[in-house]
Amino acid sequence: MSKTKIGIIVGTNRKDSRTEEIAIYYSKKIKEAGFETSFINLIDLPHDFAFSALYDNGGKNPEFQKIQAKIDECQKLVFILPEYNGSYPGVLKTFVDGLRHPDSLAFKKVALVGVSSGVLGNAVGLGHFDNVLSYLNANVMGLRIKLGNINQHFSDGVFTNPIYQNFTEKQIKNFLEF
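So, here is what we can say about the structure in this document. (Residues numbered from 1 in each chain as written. Predicted model: local features only at pLDDT ≥ 70, side-chain atom pairs only at ≥ 80, totals over all residues. Heavy atoms only, no water.)

1. What to know about the overall build of the protein
- Helix and strand counts for the protein come out as 7 helices and 8 strands.
- Its C-alpha atoms give the protein a radius of gyration of 15 Å, within 12% of the compact-globule value 16 Å for 178 residues.
- For the protein, the spread of C-alpha atoms along the three principal axes comes to 50 × 40 × 30 Å.
- Relative to its 178 residues, the protein shows a buried fraction of 49%.
- Taking all contacts inside the protein whose residues are at least 6 apart in sequence as the whole, residues at least 24 apart take part in 77%.
- When the accessible surface of the protein is summed, it comes to about 8800 Å², and 51% of that surface belongs to carbon and sulfur atoms.
- On the protein, the mean spot of the 20 positive side-chain charges and the mean spot of the 18 negative ones are 5 Å from each other. (Helix = DSSP H or I, 4+ residues; strand = E, 2+ residues; numbered from the N terminus. Rg over C-alpha atoms; globule rule 2.2 N^0.38 Å. Buried < 20%, exposed > 50% of the residue type's maximum accessible area, 1.4 Å probe, protein only. Contact = heavy atoms within 4.5 Å. Areas by Shrake-Rupley, 256 points an atom, 1.4 Å probe, with all protein chains shown as cover. Lys, Arg positive; Asp, Glu negative; His and termini not counted. Charge placed at Lys NZ, Arg CZ, Asp CG, Glu CD.)

Here it is as structure tokens:
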């Protein structure tokens, strides 16, 4: 098993989301390749973290600090981002804002996966989030996967569309070598 630990981040706090299913898929494939993963689901954020872990309260919420520690122990991160209102969820931005600044994401290698029921696979949201990550000095891999019409192409934990399966496998392989 590789010593590299890869965080898989579910970019929403919605219960029973398709985003979480895709994150589970990525975690499984990465583990099969011999890497340890850390599953970070935004549904596990403290309910009051926007008030108890940000700004003057940075570092003071013990439950949020457990999530910060998970980020710290990962050398690489995969963000699975659903499309919300033409971008990514506000809870993801609030989560990133709550992380220790400026080093939490600096120089970490990052892969981005967009998920949507629409045709573009959250292409716009990936661009928005890439800008945030660039500002924070993360090293974002160029191959971004955009999984549009996801409800038609993913079922029971697997891709039913061979093109999607091939692209995600290529991204995972490239990311593990990145």
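Once the structure has been displayed, the description carries forward.
2. Some words on the environment of leucine 81
- With respect to the element layout, leucine 81 can be found in strand 3 (residues 76-82).
- Here the alpha-carbon distance between leucine 81 and glutamate 177, two residues 96 residues apart in the chain, equals 22 Å.
- Setting aside anything within four residues of it in sequence, one finds leucine 81 in contact with Leu92, Leu112, Val113, Gly114, Val115, Asn122, Leu126 and Phe129.

3. Section: the environment of alanine 53
- Locating alanine 53 in the fold gives a position in the loop between helix 2 (49-52) and helix 3 (62-73).
- Separated by 45 residues in the primary sequence, alanine 53 and glycine 98 have C-alpha atoms spaced 6.0 Å apart.
- The contact partners of alanine 53, leaving out residues within four places of it in the chain, are Gly58, Gly59, Asn61, Phe64 and Gly98.

4. A short note on unusual backbone geometry
- The peptide bond linking histidine 101 to proline 102 adopts the cis configuration, its omega dihedral lying at 10°.
- Relative to the helices and strands, proline 102 resides in the loop between helix 4 (90-98) and strand 4 (109-115).
- In this structure, asparagine 85 takes a positive phi of about 50° despite not being glycine.
- Looking at where asparagine 85 falls in the secondary structure, it is placed in the loop between strand 3 and helix 4.
- Residue classification places asparagine 85 among the exposed positions, given a relative accessible area of 86%.
- You will see that asparagine 137, though not glycine, has its phi angle at about 65°, which is positive.
- On the secondary structure map, asparagine 137 appears in the loop between helix 5 (123-135) and strand 5 (139-140).

It is worth stressing that arrangement in space is one thing and function is another; only the former is reported here.
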